[in-house]
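An overview of the molecular structure
The residues making up each chain are set out below.
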Amino acid sequence: MPSEPLSQKEIEDRLRELPGWAFEDDRISRTYRLGTHFAASALVAHIASVQQELNHHSDLTLGYDTVRLSVHSHDAGGAVTATDFELAERVEALAPAHGAR
């Protein structure tokens, strides 16, 4: 069953609860900075396991000491849905354990 797109107001309201996240190019996204490349790589692996668990995958970019997530729902025509925010919230909860800021 396809996910329902969120309205612009719903997106803005939910972003207030996720500092560092932004809505751009019809996606929600955030870049995390970490202390080392190894820490960034470990965060990517942890995020990948959450994505697998949720069966919801983002664009995930690994830099030297950065990790960037950009997410929207393909099954909603590329719109942002509640599932995207669920993934974002889960990542926000695990990122500090990796030293992400």
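Here the structure is a predicted model, which is why all the values come from computation and not from measurement.

**Quick notes on the sheet that holds strand β1 (residues 22-24)**
- What the four strands build is an open sheet, ordered β1-β2-β4-β3; its pairing is antiparallel. Both outer strands of the open sheet, β1 and β3 (59-62), are each paired with one neighbouring strand and no more. Neighbour to neighbour, the strand axes of the sheet diverge by 25 degrees on average, direction disregarded.
- Summarising the sheet, strand β2 (residues 27-33) and strand β4 (residues 66-71) pair through six bridges and their orientation is antiparallel. Residue pairing across strands places R30 opposite L69, the latter belonging to β4.
- The sheet contacts of helix α2 (residues 37-54) involve β2, β3 and β4, and relative to β3 the element is tilted by about 165 degrees.

**Quick word on the packing of α2 against helix α3 (residues 82-94)**
- Closest axis-to-axis distance for the α2/α3 pair is 10 Å, and the angle between their directions is 145 degrees. As α2 packs across α3, the resulting crossing turns out to be right-handed. Mapping the contact onto sequence places L43, H46, I47, V50, Q51, E53 and L54 in α2 and E86, L87, R90, V91 and L94 in α3.
- Here the contact of α2 with α3 is composed, by residue class, of seven nonpolar, two polar and three charged.

Rules used in this analysis
- Residues numbered from 1 in each chain as written.
- Predicted model: local features only at pLDDT ≥ 70, side-chain atom pairs only at ≥ 80, totals over all residues.
- Heavy atoms only, no water.
- Pairing = 2+ DSSP bridges.
- Helix = DSSP H or I, 4+ residues; strand = E, 2+ residues; numbered from the N terminus.
- Axes fitted to C-alpha atoms, helices over the stretch in contact; angles between N-to-C directions.
- Contact = heavy atoms within 4.5 Å.
- Left-handed = near helix turned anticlockwise from the far one by under 90°.
- Nonpolar A, V, L, I, M, F, W, Y, C, P; charged D, E, K, R; others polar.

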